[in-house]
Amino acid sequence: MSMRSWLTSKDSKGSKGPDRPNRKTSSPILEKLAEQHMSGNLEDTLKALEDVMADEYDFVVRRFKVFGRFEAALIYYSSMNDQSMINHDLMRPLMKKPSDEEGMTMEAKLLPDLILNDTLYHSNVNVEGQLNLVVEGILCGNTALLVEGLEQAMLIRTCHIDKRAIDQPATEQVIRGPREGFIEILDTNIALVRYRLQTPELRVRSMVIGRRSKSRVAVCFIEGIANPELLEEVIRRLSVIDIDAVLDSGYLEQYIEDNHYSPFPQVQYTERPDKVAANLLEGRIAIFVNGSPLALIVPTVFNQFYQTVEDYTERFLLMSAIRVARFIALVFSLIFPSLYVSIISFNPELIPTEFAVAVAGGRAGVPWPAVVEVLIIEISMEVLREATIRLPQQVGGALSIVGVLVVGQAAVAAGFASPITVVIIALTTIGSFATPAYNAALALRLLRFPLIIMAGVFGLYGVMIGFILIANHLLSLKSFGVPYLSPLVPGSFQGLKDLVVRAPLSWMPERPSFMMSEDKTRVSKATMDEMKKPVHDVLDPSTIMAKQDDRRQGRKNEHSQQSADQGGQGQPDGPAPDQQAAQSDQPDTGANRQSGGGKET
């Protein structure tokens, strides 16, 4: 089979498979070209393409002759392509005459095989015969090669767009862990995941979503771990999305989540490749969008939003304590203002007398009730926080200092707010900053306001009613069928080891049960058995000294044995040992000191 036929058959077969994008209704211009096929006439094809892409300053049509004989043209966008690659890898070999074809007649039907197999210095070449697909390829940054007499165009991947360097994620910084983060280029993001999961089971399925943006979407999972039904449902929800453009992964998040009216996020996003790899190993699925540095992770449960990468890179005792503090700050940021309002307004007897007198003295000049005061300060804090985020970094830091110190002090001094109220709101804001996930912290900030209003109307009863309603809503949420409060409800003993505190990694040999993974084993049984054995104190000082004493005693015994053996062998020819000892005890006189057989003088 020729290269041209092979590529054509592969394209036609692949369009029916699950990995090919489900082509939706395109733009009006492409709809007109959907039924038009290339006729083989170069001028007609060029005219049709130029009519579609008229008045575009970066649209380039480079005419030349293939091998000096056949009229041809290269069509591309100069702003999206690598000009050096086009010159050296395409133009140069195509315009050079083959040495083995000198003086021979060449038929046009042999050109595709000759160009693909013997001429082009490029590995990514596709063949298309429909004009709308050729236009889509050019818009994606490919270079189209049109040759007179050929009814198909060759789309060559020469796209080159400047990108920012891989840097540490700004929203998920860690003390201990990798410093790499995703960028806007899809291929780079996939490479960062493949670098960490070098296994053939890592699969990537691609599709195109967006009638006009033609955004590439990649679905990543590990075959043998991810549940096949979960994968099928994710692809189904993505395939039914038919919109003009997908400019960020947040567009897809709002279409694939289960409950569109819940303030709590049901899809987790991250900029960290190591976090994506860890979730893939648990059986989850990651979704990437070309042009977005944020990957979506599904399904999601609530406890993921107060966990960080450092929870698993540091020892479990330290990180369990920090995770408990983080969870307390999360709950604290939700109910602390409402508790303050309810106690001050309805139940001041619950606080110590001295503190109650101090609070009453601080509120003596405040002209409105506690609920109104807290709402005003909360709204002011939210406006200040939003202004700090939107302003440039150099100005935002100064604004936050001015807003917190100057405005807060002035409000207290003017009797606009009491000091205790400013302290309560400040502690609540700090608690919300301790939540790692921005979207989860935003949901808790939003829910503070109805809780404050209910506390101002019903007191502690209103706080409890509001808390029960929030808990009931969390219990009703699901993410792709997984209960939102798993593994707490429904309960799972294995999952409870990584809920509020983190157990040692050796205590969690299986993947989360609520993921229904095919391969449930995370740590092998041999490793678990080895960790149960007593440790070997290699460098224990007492053990080392005992070994050294044993070696010295062994050498001493060996030396004594050798001396005894040598003494027994030399006894018949020499004096007896007692005689040698007696001679050694005799005084050293001048008659006994001899050198070279003579007496000393």
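Since we're looking at a predicted model, the values are computed, not measured.

J.: Could you clarify how one ought to interpret the overall build of the protein chain in this entry?
T.: The helix and strand tally for the protein chain stands at 22 helices and 14 strands. When each of the 601 residues of the protein chain is scored for burial, the buried share is 41%. Long-range pairs, those at least 24 residues apart, make up 67% of the contacts in the protein chain between residues at least 6 apart in sequence.

J.: Which parts of the structure should I look at to understand the sheet that holds strand 10 (residues 295-298)?
T.: Consider a sheet: its strands pair through backbone hydrogen bonds, and that pairing is either parallel or antiparallel. In space, the five strands of this open sheet follow the order 6-7-9-10-8, with antiparallel pairing throughout. Every interior strand has two partners, whereas the edge strands, strand 6 (202-209) and strand 8 (268-270), have only one. Mean inter-strand twist for the sheet, computed between neighbouring axes without regard to direction, equals 25 degrees. In the sheet, strand 9 (residues 285-289) pairs with strand 10 via three bridges, with the strands oriented antiparallel.

J.: Is there a simple way to explain the pattern of salt bridges in this structure?
T.: Two side chains with opposite charge may pair up if their charged atoms get near one another. Taken as a whole, this structure holds 32 salt bridges when the rule is applied. The shortest N-O distance in the salt bridge between Glu 43 and Arg 63 comes to 2.9 Å. Of the two residues, Glu 43 sits in helix 3 (residues 42-52) while Arg 63 sits in strand 1 (residues 59-66), which places them 20 residues apart along the sequence. By relative accessible area, Glu 43 is classed as partly exposed at 43%. One connected set of salt bridges, linked through shared partners, spans Glu 378, Glu 382, Arg 385, Arg 445 and Arg 448.

J.: What is the right way to look at a nonpolar patch on the surface in this model?
T.: Together, Ile 453, Val 457, Phe 458, Tyr 461, Ile 465 and Leu 469 line one region of the surface with nonpolar side chains, adding up to about 650 Å² of accessible area. Of all the secondary structure elements, the ones that give two or more residues to the nonpolar patch are helix 17 (438-458) and helix 18 (460-476). Looking at the secondary structure, you find Val 457 in helix 17.

J.: What is the right way to read the sheet that holds strand 2 (residues 70-77) from this model?
T.: On the basis of which strands lie adjacent, the open sheet formed by five strands has the order 1-2-4-5-3 and antiparallel pairing. The open sheet has two edge strands, strand 1 and strand 3 (125-128), and neither has a second partner. Within the sheet, the average angular offset between the axes of one strand and its neighbour, ignoring direction, is 25 degrees. Where helix 3 meets the sheet, its contacts fall on strand 1, strand 2 and strand 4 (142-147), and the angle it forms with strand 2 comes to roughly 15 degrees.

J.: Help me understand the nonpolar core in this model?
T.: Burial of nonpolar side chains together is a common tendency in soluble globular proteins. Counting residues in each nonpolar core, the largest one holds 27 residues, and the members touching the most others are Val 234, Leu 238, Leu 252 and Ile 287. Put simply, the parts of the chain that give this core at least two residues each are strand 6, strand 7 (215-222), helix 8 (228-239), helix 9 (249-256), strand 9 and strand 10. In terms of residues, this core owes the most to one element, helix 8, which gives five residues. Of all hydrophobic cores here, the second largest spans 22 residues; its members include Phe 67, Tyr 76, Leu 114 and Val 147.

J.: Just checking my understanding: could you explain the packing of aromatic side chains for this structure?
T.: Aromatic ring pairs: the centre-centre distance and the angle between the two ring planes describe each pair. What the rule picks out here adds up to nine aromatic pairs. Aromatic side chains Phe 302 and Tyr 484 sit 6.0 Å apart centroid to centroid with 55 degrees between the ring planes, which places their arrangement in the tilted category. Residue Phe 302 is found in the loop between strand 10 and helix 11 (310-313), and its partner Tyr 484 is found in the loop between strand 12 (482-483) and helix 19 (493-496); the two are separated by 182 residues along the sequence. A relative accessible area of 13% means that Phe 302 is categorised as buried. Judged by centre distance (5.1 Å) and plane angle (85 degrees), the ring pair of Trp 368 and Phe 416 falls under edge-to-face. Placement of the pair is Trp 368 in the loop between helix 13 (353-362) and helix 14 (370-390) and Phe 416 in the loop between helix 15 (393-413) and helix 16 (419-433), with a sequence separation of 48 residues. Overall, Phe 416 belongs to the partly exposed group, its relative accessible area being 36%. Joined through ring pairs, the aromatic side chains of Phe 264, Phe 302, Tyr 306, Phe 327 and Tyr 484 make up one cluster.

J.: Can you help me understand the environment of Glu 223 in this one?
T.: Structurally, Glu 223 can be placed in the loop between strand 7 and helix 8. Classification of Glu 223 by relative accessible area gives partly exposed; the value is 41%. Once the C-alpha coordinates of Glu 223 and Glu 201 are considered, the two residues, 22 residues apart in sequence, prove to be 5.0 Å apart. In this view, Glu 223 contacts Glu 201 and Arg 203; residues no more than four positions away in its chain are not counted. Of note is the side chain of Glu 223, whose polar atom sits 2.7 Å from the side chain of Arg 203.

J.: Mind showing me how you'd approach helix 14 here?
T.: A turn of α-helix holds 3.6 residues, and therefore any two residues three or four places apart point the same way. Here helix 14 is 21 residues long and its end C-alpha atoms lie 30 Å apart, about the 30 Å a rise of 1.5 Å per residue gives. Turning to helix 14, its buried residues are Ala 370, Val 371, Glu 373, Val 374, Leu 375, Ile 377, Glu 378, Met 381, Glu 382, Leu 384 and Arg 385.

J.: What's the story with unusual backbone geometry in this structure? I'm lost.
T.: Outside of glycine, negative phi angles account for most residues, and trans bonds account for most peptide bonds. Cis geometry is found at the peptide bond from Val 298 to Pro 299, where omega equals -10 degrees. The topology assignment puts Pro 299 in the loop between strand 10 and helix 11. Here Ser 486 and Pro 487 are connected by a cis peptide whose omega angle stands at 5 degrees. Mapped onto the fold, Pro 487 is located in the loop between strand 12 and helix 19.

J.: Can you help me understand the side chain of Thr 300 in this one?
T.: The topology assignment puts Thr 300 in the loop between strand 10 and helix 11. Apart from the residues lying within four places of it in its own chain, the contact partners of Thr 300 are Gln 266, Val 267, Gln 268, Phe 305, Ser 479 and Tyr 484.

J.: Just checking my understanding: could you explain the pairing of strand 9 for this structure?
T.: Of all five residues making up strand 9, five are buried, and the element is well covered by its neighbours. Alternating residues of strand 9 divide into Ile 285, Ile 287 and Val 289 and Ala 286 and Phe 288, and every residue in both groups is buried. In this sheet, strand 9 lies alongside strand 7 in antiparallel orientation, the contact comprising four bridges. Bridging from a neighbouring strand, Val 219 pairs with Ile 287 of strand 9. If you look at the hairpin formed by strand 9 and strand 10, you'll find five residues sitting between the two strands, and Gly 291 has a positive phi there, around 100 degrees.

J.: Is there a simple way to think about the side chain of Arg 237 in this case?
T.: Looking at the secondary structure, you find Arg 237 in helix 8. In terms of polar contacts, Arg 237 uses its side chain to reach the backbone carbonyl oxygen of Ile 256, at 2.6 Å. A polar contact of 3.1 Å, which involves the side chain of Arg 237, links it to the side chain of Asp 258. In contact with Arg 237, other than residues within four places in its own chain, are Ile 256, Glu 257, Asp 258 and Phe 480.

So, how was this worked out
Throughout this document, residue positions are counted from 1 along each chain, in the order its sequence is written. The predicted nature of this model means local features are confined to residues of pLDDT at least 70 and side-chain atom pairs, given and counted, to a pLDDT of 80 or more, with totals for whole chains, interfaces and linings taken over all residues. To get the side-chain values, take all heavy atoms of the structure and skip hydrogens and water. Put simply, DSSP H or I for four residues or longer makes a helix, DSSP E for two residues or longer makes a strand, and each gets a number counted from the N terminus. Burial status follows relative accessibility: with a 1.4 Å probe on protein chains alone, a residue under 20% of its type maximum counts as buried, one over 50% as exposed, and anything between as partly exposed. The criterion used for residue contact is that any of the two residues' heavy atoms lie within 4.5 Å. When DSSP locates at least two bridges between a pair of strands, those strands are taken to pair. Axis definition: a line fitted to C-alpha atoms, over the contacting stretch in the case of helices. Angles run 0 to 180 degrees between N-to-C directions. For this analysis, a salt bridge means a side-chain nitrogen from Lys or Arg found within 4 Å of a carboxyl oxygen belonging to Asp or Glu. Only residues whose relative accessible area exceeds 30% and that form no salt bridge are eligible for patches; like-charged ones are grouped when within 9 Å, while nonpolar side chains (Val, Leu, Ile, Met, Phe, Trp, Tyr) are grouped when within 5 Å. Residue burial considers only the protein chains on display, and all accessible areas are found by Shrake-Rupley using a 1.4 Å probe. We define a nonpolar core as any set of buried Ala, Val, Leu, Ile, Met, Phe, Trp, Tyr and Cys residues linked to one another through side-chain atoms lying within 4.5 Å. Geometry of aromatic contacts follows a simple scheme: Phe, Tyr and Trp rings, the Trp one being its six-membered ring, pair when their centres are within 6.5 Å, and the pair is stacked under 30 degrees between planes, edge-to-face over 60, tilted otherwise. N or O atoms within 3.5 Å of each other form a polar contact, as long as, within protein, one can give a hydrogen and the other can take it, and as long as residues adjacent in sequence are counted only when both atoms are side-chain atoms. What a helix should span is 1.5 Å times the count of its residues minus one.

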